[in-house]
Amino acid sequence: MIKVSETAKKKVIELMTDDGYDAVNHFVRVGVKSGGCSGLSYELKFDKEIGENDKVFEDNNIKIAVDKKSFLYLVGTILEYSGGLNGKGFVFNNPNANRTCGCGESFSL
């Protein structure tokens, strides 16, 4: 399961609407790919299609699609949004990450 904080929910709905997506019928696609200063980096985008290898969750009225491989790295993650002085953007609070880089965009297990 991947959870979505209230602040992330509001930002996701705003950005989806701006990009022509519908938060009721479309998905936030979350994934992991090789790269970044710590070895793995997060991916986040909007999607209208679900693949046959996707796991689909809904939390806080946001539908989330994750491919099965990425899901192994993301179990228990909370998607948050930070709009403070230190920067703006989505933050992955991943309990599986042993180490993260300074910017928080990559991690290792």
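Residues numbered from 1 in each chain as written. Predicted model: local features only at pLDDT ≥ 70, side-chain atom pairs only at ≥ 80, totals over all residues. Heavy atoms only, no water.

## Focus: the nonpolar core
Working step 1: In this structure, V28, V30, I64, V66 and L74 are the most contacted members of the largest nonpolar core, which totals 21 residues.
Working step 2: Mapped onto this core, the elements with two or more residues apiece are α1 (6–18), β2 (27–34), β3 (40–47), β5 (62–67), α2 (68–74) and β6 (78–82).
Working step 3: When near neighbours in sequence (up to four residues on either side) are disregarded, V66 contacts I2, V30, N53, D54, K55, F57, F71 and L74. (Core = buried A, V, L, I, M, F, W, Y, C linked by side-chain atoms within 4.5 Å. Buried < 20%, exposed > 50% of the residue type's maximum accessible area, 1.4 Å probe, protein only. Helix = DSSP H or I, 4+ residues; strand = E, 2+ residues; numbered from the N terminus. Contact = heavy atoms within 4.5 Å.)

## Some remarks on the side chain of S70
Working step 1: Considering the arrangement of structural elements, one finds S70 in helix α2.
Working step 2: A distance of 2.9 Å separates the side chain of S70 from the side chain of D67, its partner in a polar contact.
Working step 3: When residues no more than four places from it in sequence are discounted, the contact partners of S70 are G31 and V32. (Polar contact = N/O pair within 3.5 Å; in protein donor to acceptor, adjacent residues only side chain to side chain.)

## Things to note about the sheet that holds strand β1 (residues 3–4)
Working step 1: The strand order across the open sheet built from three strands is β1-β6-β7, with neighbouring strands paired in mixed fashion. Each edge of the open sheet carries a strand with a single partner, namely β1 and β7 (89–93).
Working step 2: Sitting on the sheet, α1 is in contact with β1, β6 and β7, with an inclination near 75° to β6. (Pairing = 2+ DSSP bridges. Axes fitted to C-alpha atoms, helices over the stretch in contact; angles between N-to-C directions.)

## What to know about the pattern of salt bridges
Working step 1: Applying the stated criterion to the full structure yields three salt bridges.
Working step 2: For K11, the salt bridge is made with E14, and the minimal N-O distance between the two is 3.2 Å. In this pair, K11 and E14 are both assigned in helix α1, three residues apart and thus about one turn of the helix distant.
Working step 3: Overall, K11 belongs to the buried group, its relative accessible area being 18%. (Salt bridge = Lys/Arg side-chain N within 4 Å of Asp/Glu carboxyl O.)

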